[in-house]
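Read off the chains here:
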Amino acid sequence: MTIADLLSIDDLGGADGIEDVLRLTDSFVEVTERSIPRVPALRGKTVASLFYEDSTRTRMSFETAAKRLSADTMSFSVASSSVKKGESLRDTALTIEAMGVDAIVVRHSSSGAPHRVAGWVDAAVVNAGDGWHEHPTQALLDCYTIRQRLGGLGGLHIMIVGDVKHSRVARSDVAAFSALGAEVTLVAPPTLLPPSLEGWPVRVSHDLDTVLPGADVVYLLRMQQERMTEALLPTLREYTTRYGLSRRRAERLGAGAVVMHPGPMNRGVEIAPEVADLPQAAIIDQVRNGVAVRMAVLYLLLGSGPEKVPTAERLVEQAGVA
Ligand code: ASP
């Protein structure tokens, strides 16, 4: 598989492309576990991060991934840049590219911003979250984590609970989980669902307690208040009572069920403080796997050299990590 940019889960062309990334990730997990977790795969390449929105995990994880592949990194932060002087996204992207970068990792509050950047620059562009639209590397690390815990996604029942309306994670997860054969149920009050779910391969429930016992994975979303322009809930407390994963609800989950969250968590709102630390919770695994998944994505975009390689196995061989 060859791709020029990763803007959306669909860029991977379905289950086979996603599986290729997951297989490649296996090799990079092995690298991250070495005493010196570094390979020369991207020596001489430069990866820039262009973040117009706050981030802890995604930004650090992309930078760590690039460094572990021996790439040089450049980091752009709106707060300390000429954006404050009125520089446009296009001029900023072209300026960064002119310094000689091979990939730009873009996060922006507007849906579609990374697609615009990809149209302006020759460098590979990775979408690190755009508005309510997509967050493809989060979905890939989520698939990887589920596969690691449960062996695969085919036939699983995955409940995505909470503020789906404002969630780019939910959009990418639904696409990736269903491509890999999972059955996805969105669990939320009507006001926190998108106005139309036409074309979404999902079921919908407004009652967490009914669907919980059948769940293999419960994926909790943060209440993304910074993206809400109107009052969508009577009170946060009522939301927590009806949709929060409390200790009592967690006890009703099946023995092998997995609890996930993309972070940042609001303990005490969508997830009870102690539930986030239960052995069923894979939240720290998600973060850990994020580095190897992003190594795989950067390698896929930049590492294959003049001869574009067709299979993950060949990619792994070239990376010298098999
Ligand atoms: N970190 C994720 C994102 O950037 C989820 C969240 O913010 O709630 O979309």
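Heads up: the structure comes first, above all this text.
Residues numbered from 1 in each chain as written. Predicted model: local features only at pLDDT ≥ 70, side-chain atom pairs only at ≥ 80, totals over all residues. Heavy atoms only, no water.

Asks: Mind showing me how you'd approach helix 2 (residues 57-68) here?
Replies: The α-helix winds at 3.6 residues per turn, so residues separated by three or four positions along the chain end up facing the same way. Look at helix 2: 16 Å from first C-alpha to last across 12 residues, which is about the 16 Å you get at 1.5 Å a residue. The set of residues buried in helix 2 consists of Thr-58, Arg-59, Ser-61, Phe-62, Glu-63, Ala-65 and Ala-66. In the stretch just after helix 2, Ser-70 is the one whose phi turns positive, near 70°. (Helix = DSSP H or I, 4+ residues; strand = E, 2+ residues; numbered from the N terminus. Expected span 1.5 Å × (residues − 1). Buried < 20%, exposed > 50% of the residue type's maximum accessible area, 1.4 Å probe, protein only.)

Asks: Looking at this structure, how should I read the packing of helix 1 (residues 15-32) against helix 10 (residues 283-302)?
Replies: Here helix 1 crosses helix 10 at 120°, and the two axes come no closer than 8 Å. Here helix 1 lies oblique to helix 10, going by the angle between them. Here the hand of the crossing between helix 1 and helix 10 comes out right-handed. Residues Val-21, Leu-24, Thr-25, Phe-28, Val-29, Val-31 and Thr-32 of helix 1 pack against Val-291, Ala-292, Val-293, Met-295, Ala-296, Val-297, Tyr-299 and Leu-300 of helix 10. Broken down by class, the residue content of the contact of helix 1 with helix 10 amounts to 13 nonpolar, two polar and no charged. (Axes fitted to C-alpha atoms, helices over the stretch in contact; angles between N-to-C directions. Parallel < 35°, antiparallel > 145°, perpendicular 65-115°, else oblique. Left-handed = near helix turned anticlockwise from the far one by under 90°. Contact = heavy atoms within 4.5 Å. Nonpolar A, V, L, I, M, F, W, Y, C, P; charged D, E, K, R; others polar.)

Asks: Is there a simple way to explain the environment of Met-99 in this structure?
Replies: Along the polypeptide, Met-99 turns up in the loop between helix 3 (89-98) and strand 3 (103-108). Along the chain, Met-99 and Val-202 lie 103 residues apart, while their C-alpha atoms are 44 Å from each other.

Asks: Hey, could you run me through the side chain of Glu-97 in this one?
Replies: Along the chain, Glu-97 falls in helix 3. Apart from residues no more than four positions distant in its own chain, Glu-97 is found in contact with Trp-120, Val-121, Asp-122 and Ala-123.

Asks: Which parts of the structure should I look at to understand the environment of His-206?
Replies: Inspection of the secondary structure assignment puts His-206 in the loop between strand 7 (202-205) and helix 7 (208-211). Residue His-206 is classed as partly exposed on the basis of its relative accessible area of 37%. Residues His-206 and Thr-145, 61 residues apart in the sequence, show an inter-C-alpha distance of 26 Å. Aside from chain neighbours lying at most four places away, what touches His-206 is Ala-188, Pro-189, Pro-190, Leu-193, Arg-242 and Tyr-243.

Asks: Would you take a moment to explain the site of the ligand for this structure?
Replies: Taken together, Arg-107, His-135, Arg-168, Val-169, Arg-222, Pro-262, Gly-263 and Pro-264 are the residues near the ligand. In the environment of the ligand, a nitrogen atom lies 2.9 Å from a nitrogen or oxygen atom belonging to the backbone of Gly-263. Relative to its unbound accessible area of 260 Å², the ligand is 92% covered by the protein chains. (Near = heavy atom within 4 Å. Polar contact = N/O pair within 3.5 Å; in protein donor to acceptor, adjacent residues only side chain to side chain. Areas by Shrake-Rupley, 256 points an atom, 1.4 Å probe, with all protein chains shown as cover.)

Asks: Explain the sheet that holds strand 5 (residues 157-161) to me, please; I cannot follow it from the model alone.
Replies: Within a sheet, neighbouring strands are paired by backbone hydrogen bonds and run either parallel or antiparallel to one another. With parallel pairing, five strands are arranged side by side in an open sheet as 7-6-5-8-9. Every other strand in the sheet has two partners, leaving strand 7 and strand 9 (258-260) as the edge strands with one partner each. Across the sheet, the mean angle from the axis of one strand to that of its neighbour is 20°, orientation sign disregarded. As paired elements, strand 5 and strand 8 (residues 217-220) share four bridges and run parallel to each other. Within strand 8, the residue paired with Ile-160 across the bridge is Tyr-219. Against the sheet, helix 5 (residues 136-150) touches strand 5, strand 8 and strand 9, its axis set at about 160° to strand 9. (Pairing = 2+ DSSP bridges.)

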